[in-house]
Amino acid sequence: MSITELRTRLEALVPVPSEDQFTSRLRSPAVAARIGLWLGISFGICFLTGLYSHEVQAHHTFFTLPSRPASLYRWTQGLHVISGTAAVPLLLVKLWAVFPKLFARPPRGLVRLAGEALERGSIAVLVASAIFQLASGLCNSAQWYPWGFHFRATHYAVAWLAIGALLVHVAVKLPVIRDVLGSDIEDTRHDRASMSGTPPLSRRGLVRTAFAASGVAVLATAGSTVPLLRKVSVLGVRSGSGPEGIPINKSARAADVIALALSPSYRLTVQHGATVRSFSRGDLEALRQRTHDLPIACVEGWSASGTWSGVRLRDLLDLVGAPHGRAVRLESLEPHGYYRVSELPHQFADDPLTLLALGLHGEPLSIDHGYPCRLIAPGRPGVLQTKWVTKVEVL
Ligand code: HEM
Ligand SMILES: Nc1nc2c(c(=O)[nH]1)N[C@H]1C(S)=C(S)[C@@H](COP(=O)(O)O)O[C@H]1N2
Ligand SMILES: [Mo]
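Since we're looking at a predicted model, the values are computed, not measured. (Residues numbered from 1 in each chain as written. Chains lettered and ligands numbered in written order. Predicted model: local features only at pLDDT ≥ 70, side-chain atom pairs only at ≥ 80, totals over all residues. Heavy atoms only, no water.)

Draft legend 1. Fine view of the site of ligand 2. Looking at ligand 2, there are 20 residues lining it, with Pro247, Glu334, His369, Arg374 and Lys387 nearest. At 3.2 Å from a nitrogen atom of ligand 2 is found a side-chain nitrogen or oxygen belonging to serine 332. A distance of 2.9 Å separates a nitrogen atom of ligand 2 from a polar atom in the backbone of glutamine 385. In isolation ligand 2 offers 530 Å² of accessible surface; the protein chains occlude 98% of this area. Tallied by class, the residues present in the shell around ligand 2 amount to nine nonpolar, six polar and five charged. (Near = heavy atom within 4 Å. Polar contact = N/O pair within 3.5 Å; in protein donor to acceptor, adjacent residues only side chain to side chain. Areas by Shrake-Rupley, 256 points an atom, 1.4 Å probe, with all protein chains shown as cover. Nonpolar A, V, L, I, M, F, W, Y, C, P; charged D, E, K, R; others polar.)

Structural data, given as structure tokens:
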């Protein structure tokens, strides 16, 4: 039996549709390339801002991260979640447009077959990793963790897979991409012979609808970080409730710190080598107070700006004779939990805007925002703005 015969028999046995059975002119390279271009741009933004988020949180970074502008992380992570959200409708339309390709018959000849297998392999990786990134990212930003794996490590590893597969895909398709992007969207030169008829919607109409859906997705969620959009963002997570108008992620009750935080024996210990000083909340209030506008920019994408007042961290470091250029470790009253300790690289510890805040918006800090005192430093993600601080240690 020849290979052709075998194939015919197999096809009769398993009724898989063939590429030619999909006749819509909307499922054309002209559409796939235009949606793909914007999908690629949004993935590129996600990748770069995601790498930045990784660097900010990693303990060993390749370069010295800047503490200014104070809202840098607010911008990068807001952009990350916004461009990721915008990509969701684009990915759906893109997958719909290229769906018939799944049923393209393999080419003849071993070399071409091997080439095709490699290309299809890279597409499989691209599709799987794109769906995974968007789905896991959306769940995380909605604070829903329906999985057992470590989100950050997995999302980080799959980001490299997605970008690698995307680059291979663009390189392979470059000739077609350049051709279709250079001609009118309704041009039919690149259509398969089997495409016929007039679809109910023009290609231009489909692409515009996809962009509009993308815009709606952004408007529905971006209010978590863009104050002006707060009212329209019906699906936005954490759009600004919580004491003093700033959301809270973990309450004092959930962190199990209420008794310790309200105890009269609370002290903040500041240690540099053998020099140790302790401060009650009253001692801290008696030190020189500063007031700065600084954002809380959660890794999940929401952010909110607040007017914080309290003691400059550098002032406390001076009181124990700590030199400039030293990293600092902070410890919370919180007995356990991922965020009970954090490290401040020296450029953040020495930044004059970095505070151990005692108040927010002119009121004493509420216990959910970190009473008796909490760290608030410029350019840091929310996870590293430790609440209920009880120890500062110069490293
Ligand atoms: C192709 C698309 C995407 C790529 C390449 C990408 C890449 C990354 C990378 C590299 C990180 C840093 C991980 C780390 O700290 O080790 C990250 C973090 C994050 N991404 Fe994405 N991402 C994508 C899509 C999304 C989407 C669609 C969302 C949500 C709508 C999202 C939400 C998040 C969140 C919330 C974090 C912070 C996690 C944390 O620090 O706890 N991502 N992303
Ligand atoms: N000790 C401690 N500090 C913490 C957390 C925590 O769980 N424990 N959560 C962090 C996270 S994820 C964010 S976004 C900010 C939120 O601060 P807020 O509740 O004052 O808005 O606090 C950070 N500080
Ligand atoms: Mo956060």
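Next, the rest of the story.
Draft legend 2. Summary view of the sheet that holds strand 2 (residues 275-279). Read from one edge to the other, the open sheet built from five strands follows the order 2-1-10-5-6, with strand pairing classed as mixed. The sheet is open, and its two edges are formed by strand 2 and strand 6 (341-344), each paired on a single side. Ignoring which end each strand starts from, the neighbouring axes of this sheet average 15° apart. (Pairing = 2+ DSSP bridges. Helix = DSSP H or I, 4+ residues; strand = E, 2+ residues; numbered from the N terminus. Axes fitted to C-alpha atoms, helices over the stretch in contact; angles between N-to-C directions.)

Draft legend 3. Local environment of the nonpolar core. With 52 residues, the main nonpolar core has Leu268, Trp308, Leu344, Leu356 and Val392 as its most contacted residues. With five residues, strand 7 (residues 355-360) is the largest single contributor of residues to this core. Counting residues in each nonpolar core, the second largest holds 23 residues, with Leu26, Ala30, Val93 and Ala97 among its members. (Core = buried A, V, L, I, M, F, W, Y, C linked by side-chain atoms within 4.5 Å. Buried < 20%, exposed > 50% of the residue type's maximum accessible area, 1.4 Å probe, protein only.)

Draft legend 4. Examining the pattern of salt bridges more closely. One pass over the structure, following the stated rule, counts 19 salt bridges. In this structure, the salt-bridge partner of glutamate 19 is arginine 192, at a minimum N-O distance of 3.5 Å. Linking glutamate 19 in the loop between helix 1 (3-13) and helix 2 (29-57) with arginine 192 in the loop between helix 5 (151-182) and helix 6 (203-221), this pair joins segments that are 173 residues apart in sequence. Of the charged contacts, one joins arginine 314 and aspartate 350 as a salt bridge, the two residues approaching to 2.9 Å between their closest N and O atoms. You can see arginine 314 sitting in helix 10 (residues 313-319) and its partner aspartate 350 sitting in the loop between helix 11 (346-349) and strand 7, a full 36 residues away along the chain. With a relative accessible area of 5%, arginine 314 lands in the buried category. (Salt bridge = Lys/Arg side-chain N within 4 Å of Asp/Glu carboxyl O.)

Draft legend 5. Summary view of the coordination of the iron atom of ligand 1. Distances from the iron atom of ligand 1 to its protein donors, His80 (NE2) and His155 (NE2), fall at 2.0 Å. One way to put it: the six donor atoms around the iron atom of ligand 1 meet at angles of 84 to 179°, and that makes the site octahedral. Placement of histidine 80 in helix 3 (residues 72-98) and of histidine 155 in helix 5 is noted, with a sequence separation of 75 residues between them. Since its relative accessible area comes to 14%, histidine 80 is described here as buried. Note on histidine 155: relative accessible area 15%, which makes it buried. (Donors = N, O, S within 2.8 Å, 3.2 Å for Na, K, Ca; no water. Tetrahedral: all angles 85-135°; square planar, octahedral: opposite > 155°, others 65-115°.)

Draft legend 6. Spatial organisation of the state of the cysteines. All chains considered together, the criterion is met by zero disulfides. Among the cysteines around cysteine 46, which has no disulfide bond, cysteine 139 carries the closest sulfur, lying 15 Å off. (Disulfide = S-S within 2.5 Å.)

Draft legend 7. Just the side chain of serine 42, in detail. When you line up the elements, serine 42 lands in helix 2. Taking the relative accessible area as the measure of exposure, serine 42 reaches 7% and is therefore buried. Apart from the residues within four sequence positions on either side, serine 42 is in contact with Ser83 and Ala87. (Contact = heavy atoms within 4.5 Å.)

Draft legend 8. Representation of empty space enclosed by the protein within the structure. A complete count under the given rule lists one cavity of 30 Å³ or more for this structure. Each pocket or cavity is described by its volume, and for the largest cavity that value is around 50 Å³. Lining the largest cavity, in full, are Ala30, Val180, Ser183, Asp184, Asp187, His190, Asp191 and Arg203. Here the lining of the largest cavity is composed, by residue class, of two nonpolar, two polar and four charged. (1 Å grid on protein atoms, 1.4 Å probe; cavity = no way out; pocket = protein on both sides within 12 Å on 5 of 7 lines; lining within 4 Å. Points joined across faces, edges and corners; volume = space filled by probe spheres on them.)

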